[in-house]
Amino acid sequence: GAVVSQHPSRVICKSGTSVKIECRSLDFQATTMFWYRQFPKQSLMLMATSNEGSKATYEQGVEKDKFLINHASLTLSTLTVTSAHPEDSSFYICSALSTGLGEQYFGPGTRLTVT
Amino acid sequence: QQQVKQSPQSLIVQKGGISIINCAYENTAFDYFPWYQQFPGKGPALLIAIRPDVSEKKEGRFTISFNKSAKQFSLHIMDSQPGDSATYFCAARGSTLGRLYFGRGTQLTVWP
């Protein structure tokens, strides 16, 4: 089956530092990847849509200068949280759209804690 | 504005019982309706999905019923097991770039 990986699975960083999260589609190519944020006991909130080779499209209210997204290849997208603050602590999940299968597959998520 | 409305928020079912989760949508342009299962600390996993030209789809103990005219769809879990205890999300896909619109989720607890 289609597998999406995320790295790291957990990260703790100090306030003011930047953190990079990688999302990889392991056995399929994904021209489109999505980044979500999820707070405890809440639904997934779409942050941005990432297309290979072009700029990401951010949802309303998401600061593009704070959440930098790069989709440099058909199997890798990265989310960088710049100048992280405690309120950025959350569960970040990526998904990759398999154009061949027409399905969206989710990664296992990254738990970010900013102290 | 919530594009997909899901109910109930939480559900407690006895082992062997039927779990039913309902969703409703307004946008008739949605063309694909998946259900995801999520365990604590994990990413969502695709459970079953249906397209609007089909009224029912069954995979093992999981069935989606789809009512196009009412713009509603539901997930039925037959013979519910404690291992089914998780949060379930319904979703609907817009035709643009495969973006998914999620319901708020249903926390299912199956008592042994």
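Here's a quick rundown of the structure.

How each quantity is defined
Residues numbered from 1 in each chain as written. Chains lettered and ligands numbered in written order. Predicted model: local features only at pLDDT ≥ 70, side-chain atom pairs only at ≥ 80, totals over all residues. Heavy atoms only, no water. Helix = DSSP H or I, 4+ residues; strand = E, 2+ residues; numbered from the N terminus. Buried < 20%, exposed > 50% of the residue type's maximum accessible area, 1.4 Å probe, protein only. Contact = heavy atoms within 4.5 Å. Lys, Arg positive; Asp, Glu negative; His and termini not counted. Charge placed at Lys NZ, Arg CZ, Asp CG, Glu CD. Buried area = accessible area lost by both parts, 1.4 Å probe. Salt bridge = Lys/Arg side-chain N within 4 Å of Asp/Glu carboxyl O. Polar contact = N/O pair within 3.5 Å; in protein donor to acceptor, adjacent residues only side chain to side chain. Disulfide = S-S within 2.5 Å. Core = buried A, V, L, I, M, F, W, Y, C linked by side-chain atoms within 4.5 Å. Pairing = 2+ DSSP bridges. Axes fitted to C-alpha atoms, helices over the stretch in contact; angles between N-to-C directions.

1. Notes on the overall build of chain B
For chain B, the count of helices and strands is zero helices and 11 strands. In chain B, the succession of α and β elements from N to C terminus is β-β-β-β-β-β-β-β-β-β-β. With respect to the three principal axes, the spread of C-alpha positions in chain B is 40 × 30 × 20 Å. Taking all 112 residues of chain B together, 43% fall into the buried category. Counting contacts in chain B only where the partners sit at least 6 residues apart, residues at least 24 apart contribute 52% of the total. Averaging the coordinates of the 12 positive side-chain charges in chain B and doing the same for the 7 negative ones gives two points 6 Å apart.

2. Overview of the interface of chain B and chain A
Accessible area lost upon the coming together of the parts serves often as the stated size of an interface. Contact residues are listed per partner, giving 18 residues for chain B and 21 residues for chain A. Approximately 1,500 Å² of surface area, both sides summed, lies buried where chain B meets chain A, with 52% of it carried by carbon and sulfur atoms. Taken together, the links from chain B to chain A amount to one salt bridge. R99 of chain B serves as the salt-bridge partner of E59 of chain A, at 2.8 Å between the closest nitrogen and oxygen. On inspection of chain B and its partner chain A, the count reaches six residue pairs in polar contact (both at pLDDT 80 or more).

3. Some remarks on the side chain of T78 of chain A
Structurally, T78 of chain A can be placed in strand β8 (residues 76-81). The contacts of T78 of chain A, once residues within four sequence positions are left out, are K20, I21, E22, W35, L68, I69 and N70 of chain A.

4. Some points on the state of the cysteines
For the coordinates displayed, the defined rule picks out two disulfides over all chains. The side chain of C23 of chain A participates in a disulfide bridge whose partner is C94 of chain A; the two sulfur atoms lie 2.0 Å from each other. The disulfide joining C23 of chain A to C94 of chain A has a torsion of about 80° about its S-S bond and is therefore right-handed. Of this pair, C23 of chain A sits in strand β3 (residues 19-25) while C94 of chain A is found in strand β9 (residues 90-98), placing the two residues 71 residues apart along the sequence. The side chain of C23 of chain B participates in a disulfide bridge whose partner is C90 of chain B; the two sulfur atoms lie 1.9 Å from each other. Between C23 of chain B and C90 of chain B, the S-S dihedral sits near -95°, and the bridge is therefore left-handed.

5. Regarding the nonpolar core
In this structure, V4, W35, F67, L79, Y92 and L112 of chain A are the most contacted members of the largest nonpolar core, which totals 25 residues. Mapped onto this core, the elements with two or more residues apiece are β2 (10-13), β3, β4 (32-38), β5 (45-51), β7 (67-73), β8, β9 and β11 (110-114) of chain A. Those residues in contact with L112 of chain A that sit more than four places away from it in its chain are V11, C13, V19, V81, D88, S89, S90 and Y92 of chain A. Core analysis: the next-biggest nonpolar cluster, separate from the first, contains 24 residues, V4, L47, I77 and V110 of chain B among them.

6. Comments concerning the sheet that holds strand β6 (residues 56-59) of chain B
Strands pair in a sheet through their backbones, by hydrogen bonds, and they do so in one of two ways: parallel or antiparallel. All names here are of chain B. Read from one edge to the other, the open sheet built from five strands follows the order β1-β3-β8-β7-β6, with strand pairing classed as antiparallel. Every interior strand has two partners, whereas the edge strands, β1 (4-7) and β6, have only one. Geometrically, the sheet is characterised by an average inter-axis angle of 15° between neighbouring strands, direction not taken into account. As paired elements, β6 and strand β7 (residues 62-67) share four bridges and run antiparallel to each other. Paired with E56 across the two strands is S65, which belongs to β7.

7. Quick look at the pattern of salt bridges
Applying the stated criterion across every chain yields a total of seven salt bridges over all chains. For D88 of chain A, the salt bridge is made with K66 of chain A, and the minimal N-O distance between the two is 2.9 Å. Here D88 of chain A is found in the loop between β8 and β9, whereas its partner K66 of chain A is found in the loop between β6 (57-58) and β7, with 22 residues between them in sequence. Among the residues examined, K66 of chain A registers a relative accessible area of 12% and is labelled buried. Across the pair D31 of chain B and R93 of chain B runs a salt bridge, and its minimum N-O distance is 3.3 Å. A residue pair is termed long-range when its members are at least 10 positions apart, and D31 of chain B in the loop between β3 (19-25) and β4 (33-38) and R93 of chain B in strand β9 (residues 86-93) qualify at 62 residues. For D31 of chain B, a relative accessible area of 28% puts it in the partly exposed group.

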